Amino acid sequence: MLDWANKMTNAARIHVREALLYAKDRIADMQELDDNTLRDWAEFNSIECMSDKQIIEEVDHLLEAHQSKSTFIPTEYHWALLYAVLSDYFSPAEHRLESFCDRYFWDMDFQLPAQAINSLGTDQKKLSGISDGLFGVVNKLAPSKEDLVMKEVEPRHSR
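Every chain begins its residue count from 1, and numbering advances along the sequence as written. Local features in this predicted model are restricted to residues of pLDDT 70 or higher, and side-chain atom pairs are both shown and tallied only at a pLDDT of 80 or more, whereas totals for entire chains, interfaces and linings draw on every residue. Side-chain measures were taken over the full set of non-hydrogen atoms in the model, leaving aside hydrogen atoms and water.

Lay out the environment of Arg 103 in plain terms, naming residues and giving numbers.
Here a helix means four or more residues in a row that DSSP labels H or I, a strand means two or more in a row labelled E, and each is numbered from the N terminus. The residue Arg 103 is located in helix α5 (residues 94-104) in this model. Residues Arg 103 and Asp 132 lie 29 residues apart in sequence; the distance between their C-alpha atoms is 25 Å. The contact definition used throughout considers only heavy atoms, calling two residues in contact when any of these lie within 4.5 Å. In contact with Arg 103, not counting residues within four places along its chain, are Ala 5, Asn 6, Lys 7 and Thr 9.

Can you break down the pattern of salt bridges residue by residue, with the values?
Any carboxyl oxygen of Asp or Glu that lies within 4 Å of a side-chain nitrogen of Lys or Arg is treated as forming a salt bridge with it. This model, assessed by the stated rule, comprises six salt bridges. For the salt bridge of Asp 60 with Lys 24, the shortest nitrogen-to-oxygen distance reads 2.4 Å. Here Asp 60, found in helix α3 (residues 52-67), pairs with Lys 24, found in helix α1 (residues 10-33); they are 36 residues apart in sequence, far enough to count as distant. Of the residues examined, Lys 24 reaches a relative accessible area of 33% and is grouped as partly exposed. Across the pair Asp 88 and Arg 26 runs a salt bridge whose closest N-O atoms are separated by 2.2 Å. Highlighted residues: Asp 88 in helix α4 (residues 76-90) and Arg 26 in helix α1, separated in sequence by 62 residues. Partly exposed residues are those whose accessible area sits between 20% and 50% of the maximum for their type, while under 20% is buried and over 50% is exposed, using a 1.4 Å probe and protein chains only.

How would you summarise α1 if you had to cite specific residues and measurements?
Expected span of a helix: the number of residues minus one, times 1.5 Å. Between its first and last C-alpha, α1 extends 35 Å over 24 residues, near the 34 Å set by a 1.5 Å rise per residue. For α1, the full list of buried residues reads Ala 12, Arg 13, Val 16, Ala 19, Leu 20, Ala 23, Ile 27 and Met 30.

Please provide a residue-by-residue account of the side chain of His 78, values included.
Looking at the secondary structure, you find His 78 in helix α4. Classification of His 78 by relative accessible area gives buried; the value is 0%. As used in this structure description, the phrase polar contact means that two N or O atoms lie within 3.5 Å; if the pair is within protein, one of them must be able to donate a hydrogen and the other to accept it, and residues adjacent in sequence are counted only when both atoms belong to side chains. At 2.8 Å, the side chain of His 78 forms a polar contact with the side chain of Thr 75.

Residues and numbers for the packing of aromatic side chains, please.
Two rings from Phe, Tyr or Trp (for Trp, the six-membered ring) form a pair when their centres sit within 6.5 Å of each other. Planes less than 30 degrees apart are called stacked, planes more than 60 degrees apart edge-to-face, and all others tilted. A full pass over the atoms with the stated rule returns 10 aromatic pairs. Aromatic side chains Tyr 89 and Phe 90 sit 5.3 Å apart centroid to centroid with 65° between the ring planes, which places their arrangement in the edge-to-face category. Since its relative accessible area comes to 26%, Tyr 89 is described here as partly exposed. According to the relative accessible area criterion, Phe 90 is buried, its value standing at 5%. Three or more aromatic residues joined by ring pairs make a cluster, and in this case those are Trp 4, Trp 79, Tyr 83, Tyr 89, Phe 90, Phe 100, Tyr 104, Phe 105 and Phe 110.

I'd like a description of the state of the cysteines, backed by residues and values.
Here, two cysteine sulfur atoms that lie within 2.5 Å of each other are counted as a disulfide. Scanning all chains against the criterion turns up zero disulfides. Cys 49 forms no disulfide, and the closest cysteine sulfur to it belongs to Cys 101, at a distance of 17 Å. Residue Cys 101 is classed as buried on the basis of its relative accessible area, which comes to 4%.

Which residues make up a negative patch on the surface, and what values go with them?
Patch membership is restricted to residues that have no salt bridge and whose relative accessible area is over 30%. Joining uses 9 Å for like charges and 5 Å for the nonpolar side chains Val, Leu, Ile, Met, Phe, Trp and Tyr. Accessible areas in this description were obtained via Shrake-Rupley with a 1.4 Å probe; residue shielding takes into account the shown protein chains only. The positive count covers Lys and Arg only, the negative count covers Asp and Glu only, and His and the chain ends enter neither. All charge positions are set by atom: Lys at NZ, Arg at CZ, Asp at CG, Glu at CD. Negative charge collects at one region of the surface, where Asp 34, Asp 35, Asp 40 and Glu 43 lie side by side. Relative to the assigned elements, Asp 34 resides in the loop between α1 and α2 (37-44). Among the residues examined, Asp 34 registers a relative accessible area of 38% and is labelled partly exposed.

Kindly report on the layout of surface pockets, identifying the contributing residues and their values.
Cavity and pocket criteria rest on a 1 Å grid covering protein atoms alone: a 1.4 Å probe that fits but cannot get out defines a cavity, protein on both sides within 12 Å along at least 5 of 7 lines defines an open pocket, and an atom within 4 Å of a point defines a lining residue. Grid points are joined across faces, edges and corners, and a volume is the space filled by probe spheres set on the points. The volume enclosed by the largest pocket comes to roughly 330 Å³. Where the lining of the largest pocket is concerned, the elements lending two or more residues are α4, α5 and α8 (132-138). With five residues, α4 is the largest single contributor of residues to the lining of the largest pocket. By residue class, the composition of the lining of the largest pocket is 12 nonpolar, five polar and three charged. For the second largest pocket, the calculated volume is near 170 Å³. Lining the second largest pocket, in full, are Ser 51, Lys 53, Gln 54, Glu 57, Glu 58, His 61, Ser 144, Lys 145, Leu 148 and Val 149. Throughout, the ten residues Ala, Val, Leu, Ile, Met, Phe, Trp, Tyr, Cys and Pro are labelled nonpolar, Asp, Glu, Lys and Arg are labelled charged, and all others, Gly among them, are labelled polar.

Pasting the structure below:
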């Protein structure tokens, strides 16, 4: 399972699984249309820093982690991708997306404008808990392999 801010209800777990399965289907459809459709989707959802291959692989990794008995911490890149996937799934019912994110996401820092983070000094970034991953996401830096590794942790919440 993924490490969420709060214990997930069964309905919420189903929503995440369905959203990730929907994303897999949607991505496959986009790839059949033409080479730019997935890129356009990535840009629209502010995850253009990830390559098409990374998006496809990480949706699979998120689904595997979500369905696992072990608990995994998504990286900032994963949170941004999850938000994009859930945005598609809940669309156009935006209030459902906001309610879901308010309850289950640790924060929405990956949506901060780059200038808000870039204007901070090194000490301010440390005090604010700005990670290298967050810096990368908001500045649209391509993730390295290490940036896309979800760490296994002890569960905070029982299923």
